[in-house]
Amino acid sequence: MSTSAQTARWLRLAAAAMAEHRDELTALDAAIGDADHGVNMHRGFQAVVARLDETQDAGSIARGAAMALISTVGGAAGPLYGTFFMRFAASVGAKHEFTAAELAAAFRAGLDGLAQRGKAQAGEKTILDALAPACAALEADLANGEPLSDALLGAAEAARQGVLATIPLVATKGRASYLGERSRGHQDPGATSAYLIVKAAADAFAGE
Amino acid sequence: MELTVTVHDEAGLHARPAAAFVQAAAGYKAAVRISNLRTGKGPVSAKSIIAVMGLGVRQGDEVRLHAEGEDAAQALQALAGLLQGERTE
Amino acid sequence: MVGIVLVSHSAKLAAGLQDLVEQLAQGRAHVEAAGGVADGALGTDAAAIAEAIRRADQGEGVAVLMDLGSAVLSAETALDLLPADWRPRVALCDAPMVEGAVAAAVEASLGSPLAAVRRAAEEARELRKL
């Protein structure tokens, strides 16, 4: 069973990753964006950690993260990741323990919410290009009977591949889409931060 | 009913004078239209702020006001007065 | 009267536009601003927008004007933060922010309903300046 404590750990690990990769994300965003994705995500996740209450249930923890991101990230990633965590929270509910299937369902709910909010599809060079393959891999591996920790590793790997796959894409969504063809050849910063979030989940929820 | 009037306000019929004009026009039942005789733009509804601002009326421009309906005469008089810079009571 | 909410990445821009619009509508419009994020940084904050919508509402609905890109995402997220029955009473206006806000506020000050206020704001798309 996954736990609310692991959910909190997920957010702490994600925050650490945003701190560690802040300059990298900023550099990626300087190439095809406003050069603020790293700073924004770092600030947002610092706020997530600041209001983190380990004693709460998983849904409340995730919703708290959503509200922190919504109010502090500033750029598009705020409402996008905020919506992800809001839907995740609604799906997992007021539980302190939940099954692998419930975790996957919450990821799917978050992904669908984010896609709907951003009106994005695969291949537009966005967060979705990492998050969607990760979610699909998680669901497929669990359906194949793999234990959660392996399925999450598969999800992280799928996200990583998804990030690399954004490099040759032309952005057709968001700030990068203003660059058109010039966005080709650059790794998408949003997909990169999404990979870091998935990887943090793999580390946090490992060892049920 | 029609009236031709020279616009007095130094801002012409932009921003605050336009807003005041539209708010005044909206107080009448009559349908009121306005054209900018200098540019030939209009007639447009005097009750639409965007339409009025789109006429590009400057200080000194002549505009034609056209009103139809039960209080048309009062509307024309009041709006002409406003455009000519008469003080409201 | 329909309330007006101004959403901007910049707190100063939202507040400045609020001043301008309130003046133009001769104090007869109810305008709230939601600009910037918590520590004064540039960005939009869906929670703050939801609060501004609550404050702006006088019972006849709220028209929302937004600046760029993610302001729209945040405004849409704000609708998720409000009770579901608020959704039909809040109109996100597909309009340029300054002219749209002026049009919306003047229209609202005439006592027009929400649909007319939104329409007035969106007519601003056609306005030529020069």
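Keep in mind that this is a model prediction, so the values were computed, not measured. (Residues numbered from 1 in each chain as written. Chains lettered and ligands numbered in written order. Predicted model: local features only at pLDDT ≥ 70, side-chain atom pairs only at ≥ 80, totals over all residues. Heavy atoms only, no water.)

Student: Whenever I open this one, the overall build of chain C confuses me. Can you help?
Tutor: Helices and strands together make up the secondary structure of chain C, namely five helices and four strands. In summary, chain C has a C-alpha radius of gyration of 13 Å against a globular reference of 14 Å for 130 residues, a match within 12%. Overall, chain C is about 35 × 35 × 25 Å in size when its C-alpha atoms are taken along their principal axes. Looking at chain C residue by residue over its 130 residues, the buried ones come to 58%. Looking at chain C alone, contacts between residues at least 24 apart form 77% of all its contacts between residues at least 6 apart. (Helix = DSSP H or I, 4+ residues; strand = E, 2+ residues; numbered from the N terminus. Rg over C-alpha atoms; globule rule 2.2 N^0.38 Å. Buried < 20%, exposed > 50% of the residue type's maximum accessible area, 1.4 Å probe, protein only. Contact = heavy atoms within 4.5 Å.)

Student: What's the story with the interface of chain A and chain C in this structure? I'm lost.
Tutor: The extent of an interface is frequently quoted as the accessible surface area lost upon association of the parts. Facing the 17 residues of chain A at the interface are 18 residues of chain C. Summed over both partners, the interface of chain A with chain C buries about 1200 Å², with 56% contributed by carbon and sulfur atoms. Scanning the region where chain A abuts chain C turns up three salt bridges. Asp80 of chain C serves as the salt-bridge partner of Arg117 of chain A, at 2.4 Å between the closest nitrogen and oxygen. If you look at where chain A meets chain C, you find six residue pairs in polar contact (both at pLDDT 80 or more). Elements represented by at least two residues in the side of chain A that touches chain C include exactly helix H4 (58-72), helix H5 (77-92) and helix H6 (100-118) of chain A. (Buried area = accessible area lost by both parts, 1.4 Å probe. Salt bridge = Lys/Arg side-chain N within 4 Å of Asp/Glu carboxyl O. Polar contact = N/O pair within 3.5 Å; in protein donor to acceptor, adjacent residues only side chain to side chain.)

Student: Would you mind showing me how to read the nonpolar core here?
Tutor: Within soluble globular proteins, side chains that are nonpolar generally end up buried alongside one another. Among the nonpolar cores identified, the biggest contains 90 residues, and Trp10, Phe45 and Phe85 of chain A are the most heavily contacted of them. At ten residues, helix H9 (residues 189-204) of chain A tops the list of elements feeding residues into this core. Non-local contacts of Trp10 of chain A, meaning those with residues more than four positions away in its chain, are made with Phe84, Phe85, Phe88, Phe107, Ile197, Ala200, Ala201, Ala204 and Phe205 of chain A. Grouped together as the second largest cluster of nonpolar side chains are 54 residues, Phe21, Ala25 and Leu55 of chain B together with Ala120 of chain C included. (Core = buried A, V, L, I, M, F, W, Y, C linked by side-chain atoms within 4.5 Å.)

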